[in-house]
Amino acid sequence: MSFWDGLRPGGRAAQFDSGNSASNSIELTRRHPAVSLTKQGAATGNLRVNLSWRMRTSDIEGRSKQGSMLRHPFKLFQPDVVQAHTQGVVNVDLDLGCLYELTDGSKGVVQPLGSFFGDLNIAPYVKLSGDDRFGAPSGETIFVNLDHRESIKRLLFFVYIYDQTPAFDRTHAKVTLYPSNGPRVEIELDERAPQARSCAVFALENVKGDLLVRREVRFVYGFQAELDRLYGWGLQWGRGYKTKA
């Protein structure tokens, strides 16, 4: 299976959270969905947005181990064999993307599919560092140049599952924002959505000069075109494919 979302050119009151002094982090949740980067003193420099994930090993090993115990009950008393972290275990390909709208009205997307990697120093001031296909510790990262914040109207960061990979509820997926100053901001994709293929994770909006991060964590069963429709971007979408790794 391949999916089809390569790009062709073409209010509630916010609840604000504060940093955790122990972990130096802010976790956005349903109860505390928003934070102001401006009020945190983090509205300048490069904002780093990182996606990390890994397969839940219990999903892979659990069923096979249970069947093995029934066939060989004495294995219950044998120690587990520690296996290396291999591609066979990490069989997930999550991609991080960003829909952008600038104050001059221009719109588009930054994402691995279609090699729309963006640019940090000229519009759209959003750049994807690369495409991680195997759940490496570094994950995938998008940078936003907040020194050009006056040119940014809104950004929507999203994650989608590429090709025949497990659903979101079988991954430990997390998006972390690293501002140039102040605590990091963490958003867990831990809600059950077994058949979802995409998730709008958070929005970054310039509201009268105040840069607001708002948690979305909205799962959808389609891809970028459905997220576009839900958030009113108005782009035209077509089929897209990746080259083989």
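On a predicted model such as this, the values are computed, not experimentally measured, just so you know.

Visitor: Explain the overall build of the protein chain residue by residue, including any values.
Guide: Scanning the protein chain from terminus to terminus reveals 2 helices and 15 strands. A buried classification covers 47% of the 245 residues belonging to the protein chain. Total accessible area computed for the protein chain in this model is approximately 13,000 Å², and 49% of it derives from carbon and sulfur atoms.

Visitor: So what about the sheet that holds strand S5 (residues 94–102)? Which residues, and what values?
Guide: Pairing between the strands of a sheet comes from backbone hydrogen bonds, and it takes one of two forms, parallel or antiparallel. If you walk across this open sheet you meet the 6 strands as S3-S14-S13-S10-S5-S6, and the pairing is antiparallel. Strands with a single pairing partner mark the edges of an open sheet, and in this sheet they are strand S3 (34–36) and strand S6 (107–110). Here the strands of the sheet are splayed against their neighbours by 20 degrees on average, with no regard to which way each runs. Two elements, S5 and strand S10 (residues 152–161), share 9 bridges in a ladder whose sense is antiparallel.

Visitor: Please provide a residue-by-residue account of unusual backbone geometry, values included.
Guide: Glycine aside, negative phi is the norm for most residues, and most peptide bonds take the trans geometry. In this model, Ala-123 is joined to Pro-124 through a cis peptide bond whose omega is 15 degrees. The backbone of Lys-208 shows a phi angle near 55 degrees, a positive value even though the residue is not glycine. Within the chain, Val-217 stands out as a residue other than glycine whose phi angle is a positive 45 degrees. Within the fold, Val-217 resides in strand S14 (residues 210–220). On the basis of relative accessibility, which here comes to 6%, the residue Val-217 falls in the buried class.

Visitor: Please give an account of the side chain of Glu-186 that cites residues and values.
Guide: Summarising the element assignment, Glu-186 is placed in strand S12 (residues 184–188). With residues up to four places along the chain from it excluded, the contact list for Glu-186 reads Ser-25, Ile-26, Glu-27, Leu-28, Lys-174, Val-175 and Thr-176.

Visitor: I'd like a description of empty space enclosed by the protein, backed by residues and values.
Guide: Each pocket or cavity is described by its volume, and for the largest cavity that value is around 30 Å³. Along the walls of the largest cavity sit Ile-26, Val-35, Leu-37, Gln-40, Ala-42, Pro-179, Asn-181, Gly-182, Pro-183 and Val-185, which together make up its complete lining. Taken together, the residues of the lining of the largest cavity break down into 7 nonpolar, 3 polar and no charged.

Visitor: Pulling in residues and values, what's your account of the sheet that holds strand S4 (residues 46–52)?
Guide: The mixed open sheet is built from 7 strands, whose spatial order is S2-S12-S11-S4-S9-S8-S7. The sheet terminates laterally at strand S2 (25–27) and strand S7 (118–119), the two strands that pair on one side only. The pairing of strand S11 (residues 174–178) with S12 spans 4 bridges and is antiparallel. The residue of S12 that forms the bridge with Val-175 is Ile-187.

Criteria and thresholds
Residues numbered from 1 in each chain as written. Predicted model: local features only at pLDDT ≥ 70, side-chain atom pairs only at ≥ 80, totals over all residues. Heavy atoms only, no water. Helix = DSSP H or I, 4+ residues; strand = E, 2+ residues; numbered from the N terminus. Buried < 20%, exposed > 50% of the residue type's maximum accessible area, 1.4 Å probe, protein only. Areas by Shrake-Rupley, 256 points an atom, 1.4 Å probe, with all protein chains shown as cover. Pairing = 2+ DSSP bridges. Axes fitted to C-alpha atoms, helices over the stretch in contact; angles between N-to-C directions. Contact = heavy atoms within 4.5 Å. 1 Å grid on protein atoms, 1.4 Å probe; cavity = no way out; pocket = protein on both sides within 12 Å on 5 of 7 lines; lining within 4 Å. Points joined across faces, edges and corners; volume = space filled by probe spheres on them. Nonpolar A, V, L, I, M, F, W, Y, C, P; charged D, E, K, R; others polar.

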